[in-house]
Amino acid sequence: MINISDLRSMGYFDAIDADKDPLKAYSNWVETKILTSRSERLVENTLGLVGEAGEVAEKVKKLIRDKSKFSNKDIIKELGDVMFYVTALANYHGSDLREVIEENIKKLESRQSRGKLKGNGDDR
Ligand SMILES: [Mg+2]
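Computed from a prediction, not measured in an experiment: that's the story for all the values here. (Residues numbered from 1 in each chain as written. Predicted model: local features only at pLDDT ≥ 70, side-chain atom pairs only at ≥ 80, totals over all residues.)

Peer 1: Would you mind showing me how to read the overall build of the protein chain here?
Peer 2: Scanning the protein chain from terminus to terminus reveals six helices and zero strands. Within the protein chain, the fraction of its 124 residues that count as buried is 12%. In the protein chain, of all internal contacts separated by at least 6 residues, the share reaching a separation of at least 24 is 51%. (Helix = DSSP H or I, 4+ residues; strand = E, 2+ residues; numbered from the N terminus. Buried ≥ 20, exposed ≤ 12 C-beta atoms within 10 Å, placed from the backbone. Contact = placed C-beta atoms within 7 Å.)

So, in structure tokens, the structure goes:
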């Protein structure tokens, strides 16, 4: 398993940022890989997220349809691609991966405490 010091030794994270906040360091690192700007970036990052989520779905589809197996490593690579674009979009919207995670935890904990994990609607 790769840890923060491995990533740092590969030159991925600024040492100070990674020590203080690895999620912020990842968000900063993602920003160094962005190739587009403004509205073009919004579209490219959004399509990237959908495309990578589709790659996850495709592996599961082939598992069902063709009985072809994928390794945990294969799916983790695709989930990493999804996380890249989630982070890129969070950055675009003036946020970062940490805030996305924290807001998601708050939302789901609230739903669970109110017995609303099942059902429809963004604001339940
Ligand atoms: Mg991919």
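Peer 1: I would appreciate a short explanation of helix α5 (residues 72–92) in the present structure.
Peer 2: Because each turn of an α-helix spans 3.6 residues, side chains separated by three or four positions in sequence point in the same direction. The first and last C-alpha atoms of α5 sit 30 Å apart over 21 residues, in line with the 30 Å expected at 1.5 Å per residue. Residues F84, Y85, T87, A88 and A90 constitute the buried set of α5. (Expected span 1.5 Å × (residues − 1).)

Peer 1: Mind showing me how you'd approach unusual backbone geometry here?
Peer 2: Most peptide bonds take the trans form, and the phi angle of most residues other than glycine is negative. A positive phi is found at R38, a non-glycine position, where the angle reads about 50 degrees. Relative to the helices and strands, R38 resides in helix α4 (residues 38–65). Overall, R38 belongs to the exposed group, with 8 C-beta atoms counted inside 10 Å. Its identity is not glycine, yet K67 carries a phi of approximately 55 degrees, on the positive side.

Peer 1: What's the story with the packing of α4 against α5 in this structure? I'm lost.
Peer 2: The relative placement of two packed helices comes down to the angle between their axes together with the axis-to-axis distance. One can describe the packing of α4 onto α5 by two numbers: an axis separation of 9 Å at closest approach and a directional angle of 160 degrees. As summarised for this structure, α4 and α5 are arranged roughly antiparallel, according to the angle between their axes. For the crossing formed where α4 meets α5, the hand is left-handed. Across the interface between the two elements, R41, L42, N45, T46, G48, L49, E52, A53, E55, V56 and K59 from α4 touch D74, I75, E78, L79, D81, V82, Y85, V86, A88, L89 and Y92 from α5. (Axes fitted to C-alpha atoms, helices over the stretch in contact; angles between N-to-C directions. Parallel < 35°, antiparallel > 145°, perpendicular 65-115°, else oblique. Left-handed = near helix turned anticlockwise from the far one by under 90°.)

Peer 1: What is the right way to read the nonpolar core from this model?
Peer 2: Within soluble globular proteins, side chains that are nonpolar generally end up buried alongside one another. Core analysis: the biggest nonpolar cluster contains eight residues, these being A25, Y26, V30, F84, Y85, A88, A90 and L97. Counting residues per element, the ones that place at least two in this core are α3 (22–31) and α5. Residue contributions to this core peak at four residues, all from α5. (Core = buried A, V, L, I, M, F, W, Y, C linked by C-beta atoms within 7 Å.)

Peer 1: Explain the packing of α5 against helix α6 (residues 97–113) here, please?
Peer 2: Orientation of α5 relative to α6, taken along the N-to-C sense of each, is 100 degrees, at an axis distance of 8 Å. Between α5 and α6, the angle is such that the two are roughly perpendicular. Of the residues in α6, those in contact with V86, T87 and A90 of α5 are L97, E99 and V100. Among the residues making up the contact of α5 with α6, the classes are represented as four nonpolar, one polar and one charged. (Nonpolar A, V, L, I, M, F, W, Y, C, P; charged D, E, K, R; others polar.)

Peer 1: Just checking my understanding: could you explain the environment of D122 for this structure?
Peer 2: Structurally, D122 can be placed in the segment after α6. Classification of D122 by C-beta neighbours within 10 Å gives exposed; the count is 5. In sequence terms D122 and K107 are 15 residues apart; their C-alpha atoms lie 9.7 Å from each other.

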